[in-house]
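# Summary of the model geometry
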Amino acid sequence: MADWSKNKLGRRAFLAGSAAVLATPALAQSVNGVATTEIERELNTSVRRNISSFRTLDWQPYFSNLNKGAVLVDIASRALHYWQPSGIYHLYPCSVPLTEDLTRRGRTTITLKDPAPDWRPTPAMKIRNPEWPDYVGPGPDNPLGSRAMHLGWQYYRIHGTHDTRKIGRRSSNGCIGLYNEHVEQLYEMAQVGTQVLLI
């Protein structure tokens, strides 16, 4: 068998094939035939709308102060903006609710920080997906990832995810999802009482 690494044509073909695989978007997950994330079949303009928009923002149009820091989640651009009390700014790509009826907008605060979240489906989730487990403990199978910050609205959280395909897409049942490494950073900086605005 020929060693492709010693053959320029073979190496180019391998790299081209690798690029094609890397460029192919993940297909949506499905539960009982119902998509749980947006379906992306081709690399076209609609795919570009499925990624977070990295546009920096100023906090002043949205908040009157940064006393305990501030989180702004822009549902349309799928980006989470965080300003520390000192004014230091952070920007993270995020997942947002799958549909408009699952989307909550407005002002709230972080009410609880959970360093090892467990998960239970909401009653509405269980009706839509009766096959889902009633409980998942902390760990790699947990849909809330490695950290969670509860918001003032029942069932709504900013949390991590082990399913990185969801980030930058409409893919949640209402929560805001971050890569685990990003939610761990935010978890260390944000505090109970941090103001949160979803727009």
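Details of the structure are given in the entry above.
This section reports on the structure supplied with the text. (Residues numbered from 1 in each chain as written. Predicted model: local features only at pLDDT ≥ 70, side-chain atom pairs only at ≥ 80, totals over all residues. Heavy atoms only, no water.)

### Some points on the environment of L144
Position of L144 among the secondary structure elements: in the loop between α3 (123-128) and β8 (148-151). Remark: the alpha-carbon pair of L144 and H159, spanning 15 residues in sequence, is separated by 5.4 Å. (Helix = DSSP H or I, 4+ residues; strand = E, 2+ residues; numbered from the N terminus.)

### Observations regarding the packing of aromatic side chains
What the rule picks out here adds up to 4 aromatic pairs. Where W83 meets Y89, the ring centres are 5.3 Å apart and the plane angle is 40 degrees; that geometry is what we call tilted. Under the relative-accessibility criterion, W83 is labelled buried at 3%. Owing to a relative accessible area of 25%, Y89 belongs among the partly exposed residues under this scheme. With a centroid separation of 5.9 Å and an interplanar angle of 85 degrees, the aromatic rings of W153 and Y156 are classed as edge-to-face. (Phe/Tyr/Trp six-rings, centres within 6.5 Å; stacked < 30°, edge-to-face > 60°. Buried < 20%, exposed > 50% of the residue type's maximum accessible area, 1.4 Å probe, protein only.)

### Let's talk about the pattern of salt bridges
In this structure the tally under the stated criterion is 5 salt bridges. The salt bridge involving R55 is made with D74; its shortest N-O contact spans 3.7 Å. Of the two residues, R55 is situated in the loop between α2 (45-48) and β3 (70-74) and D74 in strand β3; the sequence distance between them amounts to 19 residues. Of the residues examined, R55 reaches a relative accessible area of 47% and is grouped as partly exposed. (Salt bridge = Lys/Arg side-chain N within 4 Å of Asp/Glu carboxyl O.)

### Things to note about the sheet that holds strand β9 (residues 157-161)
Judged by pairing direction, the sheet is mixed, and its 8 strands sit side by side in the order β5-β4-β3-β12-β7-β8-β9-β11 without closing on themselves. Where the open sheet ends on each side, the last strands, each with one partner, are β5 (89-93) and β11 (176-179). Strand-to-strand twist in this sheet, taken as the mean axis angle between neighbours without regard to direction, amounts to 30 degrees. Examined bridge by bridge, β9 and β11 share 4 bridges and lie parallel to one another. Paired with I158 across the strands is I176, a residue of β11. (Pairing = 2+ DSSP bridges. Axes fitted to C-alpha atoms, helices over the stretch in contact; angles between N-to-C directions.)

### Focus on the pairing of strand β12 (residues 195-198)
Burial along β12 is two-sided: the face carrying Q195 and L197 and the face carrying V196 and L198 are both buried. Taken together, the 4 bridges between β3 and β12 define a ladder with parallel strand orientation. By the bridge assignment for β12, A70 is matched with Q195. When strand β7 (residues 106-114) meets β12, the two strands line up antiparallel, connected through 4 bridges. The residue of β12 that forms the bridge with T109 is Q195.

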